[in-house]
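What the coordinates show
Residues per chain, in single letters:
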Amino acid sequence: MSESRDVTTGDVKTAVAHAVTLLARAPLKAEEQALEILRAYPEHDAATQVLAAACRLQGDAPRALALLEPLAAKHPSVAQLQQELGMCLGVVGRGPAAIAALRRAVELDATNAAAWRSLGDQLAATGDESGSEQAYRQHLALVTRHPELVEAAEFLARGNVGEAERLSREVLKKDALDTAAMRILATVGVRLGKLEDASSLLERCLELAPDFHHARHNYATILLKRNEVEAALEEVEKLLQVEPDNPNYLILKATILGRKGDHAPALALYQTLLKNYPAHAGAHMNYGHTLKTVGQLEDAVAAYRSAIDLNPASGETYWSLANLKTFRFNDDDVRNMLAQVGRADINAEDQAHLAFALGKAYEDQKAYDESFRYYELGNRVRGEHHRHNAKINVFNTARQIKTFTAEFFAARQGWGCTAEDPIFIVGLPRAGSTLLEQILSSHSMVEGTAELPDIIAMSRRLGKRTRKNPASLYPEILQELTAAQARELGENYLETTRVQRHGGPYFIDKMPNNFQHIGLIHLILPKARIVDARRHPMAGCFSCFKQLFARGQTFTYSQEDLGKYYRDYLILMQHWNTVLPGRVHTVHYENMVTDTEGQIRAVLDYCGLPFEEACLRFYETERAIRTPSAEQVRQPVYQEGLEQWRYYEKHLGPLKKALGPAIDLYATV
């Protein structure tokens, strides 16, 4: 029976029901069906509602809204109408009105799961994380077969990861296909830093429930954390096909584009979002991050200021200002941060961010004792939630030394991919790696990328760690590789990093922690250049101590751990220099400051690059820079930072003791 005959024979209810079923999979067909009904019955309210929904799903929210507003006014007590109205209002950026309509929808029908989910989305878009989580839990309570999952979600919201994990695992034991439990357990995995486990859970979840949009949003976020930017973008595009104007999806897309290096479209997206959702503090902050990356410092500061106005307790935004390095807080800023940092209701992450920002504020005021007090507080709070085990690092260093002997490399000479494209800059953070990257990226044949996680990710895949077998097989597993496999790994690295490149002959990977994987790098990419950025142990370690890293680098939250880590670093670098003599070129930061041209010429010679004057004027090079040193390397080399640690020397006894002989030996290794 055709749609036309449905209407003309009077079976209007059947025709409307058919149109409703078409909405999700074929909104254009649903529109045609609704219009057919309305030709016969111009005042048919249900058909008008279907037509409005079809318009929204096809991206024509203004037309949908023109249909819905008089209809909702006519029937103010119909929950579904209020829900659809709220969704349309959200699409056109009328966030407060959207929230009001959706609240009305759930007041009228508290069992409307879709309305609760839409309310959660809109509250998230305005930055109301608490309200958003509560709405999502209401949605979960209505759709789950297992009420204990609501309790698990509540535990997760309160930071009790252990109980959330226990409850979600109990549900999966009795119902292995419960996708809501999978999503909660994946969120637990993210909180614990187990991104691969979380990713696997969500992949299974989406196989079972491809329309589980909340899970797909989580999956895209995890892919981004793992730096799988193309895959993350693909997942977000799937979400945007269903809800093209969902602000949360658009924010994630803008973030992915920024990570990918597509800063212009990312900025355009943020500008559109903030026009529609001006009260979204998180969007202002992310906009500031992107502006900072492209060097628009004044605009970045303005964006951060807007975020703070909307959310004065946002420690991350205050730290983002401090992390510009060249920014100076005023007295009002300091008073506001002091008022926030002492609040009992501020979470640990914001407390840590605020403490680090106060440390920077007092440092700029030359109030070094007060500055150290807050740096120490920030590290203590951060260290409680991001544990570091120094013994594991000692053990892993010993395994590298035992595996990668001179005989190991001699037996595998000529192995690997012979491409010369990569230039690795390794070492400890805050040791001058961004400066070296800026200098080399100023060369016409070299492009900078970022701190790429590809080598670390490769080492983890080779290690084959699982929940049942947490001990990694890496690096010993490399003894079993064939020449063909080593070459394939090198080629895979070039392929996975291609998304970060734009066609230059050479590119830079400045992940500092890759100093732990020089053996792997040499095995799979024997012609890649490796530059070790090194800094005086007291200066370098203290610079790490006062830097709040977004993720990783957990050794920086304790003076003792910092000193031990630096010693392990020197031991391992001495080993590489012994078994691979001349393979790594070391640049001491102090020498770069006092003899800039000589050091630049030396590193260019090592990389096989002809000298170019632009490398001396590296601070004039316009490029996106994501690391904390972004603004510093847009200026000529300065000497002020070399001895900055001495202002804090009386507080650094534990660091000196942990470093021991490394203080005298670092320049000779």
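Structure's up top.
The text that follows walks through the structure, step by step, so that each part is easy to find. All values derive from a computational prediction rather than experimental measurement.

Moving on to helix α2 (residues 12–25). Between the first and last C-alpha of α2 there are 21 Å, a value that for 14 residues agrees with the 20 Å anticipated at 1.5 Å per step. By the burial criterion, the buried members of α2 are V12, A15, V16, A19, L22 and L23. The buried residues of α2 occupy an angular sector of 120° when projected down its axis, which confines them to one face. Along α2, the residues that are exposed and aim more than 90 degrees away from the buried face are K13, A24 and R25.

The subject of this paragraph is the nonpolar core. One recurring pattern in soluble globular proteins: nonpolar side chains tend to sit buried together. Core analysis: the largest hydrophobic core is formed by 142 residues, its most contacted members being F329, F424, L478, Y493 and Y566. Per-element tally for this core: the top contributor is helix α31 (residues 559–579), with nine residues. Beyond its immediate stretch of four places on either side in the chain, F329 contacts Y318, L321, A322, V334, M337, A357 and A361. In this structure, V12, A15, A19 and I37 belong to the second largest nonpolar core, which totals 28 residues.

All right, on to the packing of helix α3 (residues 27–40) against helix α4 (residues 45–57) then. Taken N-terminus to C-terminus, the directions of α3 and α4 make an angle of 150°; their axes are 8 Å apart at the nearest point. Between α3 and α4, the crossing angle belongs to the class labelled roughly antiparallel. By crossing handedness, the relation of α3 to α4 is classed as left-handed. Here P27, A30, E31, A34, L35, I37 and L38 of α3 come into contact with α4, specifically with A47, T48, V50, L51, A54 and L57. Its residues placed into classes, the contact of α3 with α4 shows eleven nonpolar, one polar and one charged.

A word on helix α27 (residues 454–463). Taking burial as the measure, the ten residues of α27 include seven buried ones, the bulk of the element. Taken as a whole, α27 has its buried residues at D454, I455, I456, M458, S459, L462 and G463. On its buried face, α27 sits against β1 (422–427), α28 (483–496) and α29 (518–524). K464 occupies a position one or two residues after α27 and carries a positive phi of about 55°.

Analysis parameters
- Throughout, residues of each chain are indexed from 1 in the direction in which the sequence is written.
- A pLDDT threshold of at least 70 governs which residues receive local features in this predicted model, and a stricter bar of 80 or more applies before side-chain atom pairs are shown or counted, although totals over entire chains, interfaces and linings include all residues.
- Side-chain numbers come from the whole structure's heavy atoms, not from hydrogens or water.
- Secondary structure is summarised from DSSP: a helix means a run of H or I of at least four residues, a strand means a run of E of at least two, and numbering begins at the N terminus for each.
- Working rule for helices: expected span equals 1.5 Å times residues minus one.
- Working definition: with a 1.4 Å probe on protein chains only, accessible area under 20% of the residue-type maximum means buried, over 50% means exposed, and in between means partly exposed.
- By definition, the arc is the one covered by directions from the helix axis to the C-beta atoms.
- Buried residues of nine kinds, namely Ala, Val, Leu, Ile, Met, Phe, Trp, Tyr and Cys, make up a nonpolar core once their side-chain atoms join them within 4.5 Å.
- Every residue pair with non-hydrogen atoms within 4.5 Å of one another is taken to be in contact.
- Throughout, an axis means a line fitted to C-alpha atoms (over the contacting stretch in the case of helices), and angles, computed between N-to-C directions, take values from 0 to 180 degrees.
- Each angle gets one of four labels, with under 35 degrees taken as roughly parallel, over 145 as roughly antiparallel, 65 to 115 as roughly perpendicular, and the rest as oblique.
- Crossings are sorted by hand: turned counterclockwise from the far helix by less than a right angle, the near helix makes the crossing left-handed, and turned clockwise it makes it right-handed.
- Charged residues are taken to be Asp, Glu, Lys and Arg, nonpolar residues to be Ala, Val, Leu, Ile, Met, Phe, Trp, Tyr, Cys and Pro, and polar residues to be all remaining types, Gly included.

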